[in-house]
Amino acid sequence: MSGRTQLASIPPASPPPVLTIRDLGFQAPALKKRATGQTILQNLNLNLREQEFVSIVGPSGCGKSTLLNFIAGLLPVQQGEIHLAEKQPGEAYSLGYMFQQHGLLPWRNVRDNVGLGLEIQGVAKRDIVERSQRVLNDLGLTGYEQHYPAQLSGGMCQRVALARMLVSSPDILLMDEPFGALDAQTRVFIQELFSHYWETHKKTVLFVTHDLAEALFLSDRIVVMGARPGRIVAEYDITFPRPRHFDTLRTSSRFGSLLNQLWQDIKSHTVTGGQRDA
Ligand SMILES: Nc1ncnc2c1ncn2[C@@H]1O[C@H](COP(=O)(O)OP(=O)(O)OP(=O)(O)O)[C@@H](O)[C@H]1O
Ligand SMILES: [Mg+2]
């Protein structure tokens, strides 16, 4: 049964996590002289196990993107520690990052946008074409290789951005509201596509979303962040069998009750000290 678990609990037989976050804290710089900066994150603890799909949900402004930026190394750690395990001695697990905005280069076609990272790494042209094609096929973009971003729908641009992240085969995917800008119908289409991709390739994923149904549909575990200061306040193991189908799942009573519990959890951690984030 899916359900709420003890915070940061790891069954003794579990393999060691690929990502360990211990007591992460972040104090934003003060805006005025002699003022104290706001505490954005405090004592945040989180583990991510190999091939686990974990979603982070929580009120706007609680520090979800900041957390991902710390993990990606875009912000230097001030307090606490972030430990990325080694795949083998001397080789750390690699990270891929996908943002809410696709950020495709308008002057490059689909194939060249997808292959950009590999090009920068100096991968041979033939390999780039072959690898890009494979991931474009997986994401249903066959036939669009020569199109430019302006010729694609929002959903297609998002799929190209997904392909751009996946083409370099990162071990851990950091995804910050990747489908947030899409209309409901396109969103479900991409969620099903990505769920199928994940069930085939079993990547380790840390996925930020505001869409609780999306989190329930995709995840093995959902962690809830509370606001001010941002920290993990609840965890849910999501054990719906796979492969999952959105229409079947969303009409189940278990899905409905988990959705409600998650919503109540988030609501109860949104208002702190009379402050509400918009
Ligand atoms: N480098 C920084 N300097 C100062 N403040 C920062 C910095 N990075 C983040 N913050 C602050 O941290 C808070 C959390 O921001 P963050 O973008 O991580 O929230 P979020 O949970 O991702 O919100 P949303 O759900 O709206 O995307 C915000 O108040 C933001 O202004
Ligand atoms: Mg954010």
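Before any of the text, the structure's been laid out above.
Just so you know, these numbers come straight off a predicted model, no measurement behind them.

S.K.: What's the story with the sheet that holds strand β5 (residues 79-84) in this structure? I'm lost.
M.R.: Within a sheet, adjacent strands bond to each other through the backbone by hydrogen bonds, running parallel or antiparallel. Read across the sheet, 3 strands follow the order β3-β2-β5 without closing on themselves; strand pairing throughout is antiparallel. Looking at which strands have only one partner, the edges of the open sheet turn out to be β3 (39-48) and β5. Strand-to-strand twist in this sheet, taken as the mean axis angle between neighbours without regard to direction, amounts to 15°. Sheet contacts for helix α1 (residues 64-72): β2 (19-27), β3 and β5; angle to β2, the most-contacted strand, approximately 120°.

S.K.: Which parts of the structure should I look at to understand helix α6 (residues 184-201)?
M.R.: Three or four residues apart is the spacing at which side chains of an α-helix point the same way, because the helix has 3.6 residues per turn. Between the first and last C-alpha of α6 there are 25 Å, a value that for 18 residues agrees with the 26 Å anticipated at 1.5 Å per step. Every buried residue of α6 is accounted for by Arg187, Ile190, Gln191, Leu193, Phe194, Ser195, Tyr197 and Trp198. Taken from the residues just after α6, Lys202 is the one with a positive phi, measuring 45°.

S.K.: Is there a simple way to explain helix α9 (residues 253-268) in this structure?
M.R.: Compared with an ideal rise of 1.5 Å per residue, which puts 16 residues at 22 Å, α9 spans 23 Å between its outermost C-alpha atoms and is within 8% of the ideal. Regarding α9, the residues found buried are Phe255, Leu258, Leu262, Asp265 and Ile266. Along the axis of α9, the buried positions cluster into a sector of 95°, meaning they face one direction only.

S.K.: Just to check I follow, could you spell out the environment of Leu259 for this structure?
M.R.: If you trace the backbone, Leu259 turns up in helix α9. Relative accessible area serves as the criterion here: at 29%, Leu259 is assigned to the partly exposed category. For the pair Leu259 and Glu119, spaced 140 residues apart in sequence, the C-alpha to C-alpha distance is 43 Å. Beyond its immediate sequence surroundings of up to four residues, Leu259 is in contact with Leu212, Ala213 and Leu216.

Cut-off values and rules
Residues numbered from 1 in each chain as written. Chains lettered and ligands numbered in written order. Predicted model: local features only at pLDDT ≥ 70, side-chain atom pairs only at ≥ 80, totals over all residues. Heavy atoms only, no water. Pairing = 2+ DSSP bridges. Helix = DSSP H or I, 4+ residues; strand = E, 2+ residues; numbered from the N terminus. Axes fitted to C-alpha atoms, helices over the stretch in contact; angles between N-to-C directions. Contact = heavy atoms within 4.5 Å. Expected span 1.5 Å × (residues − 1). Buried < 20%, exposed > 50% of the residue type's maximum accessible area, 1.4 Å probe, protein only. Arc of directions from axis to C-beta.

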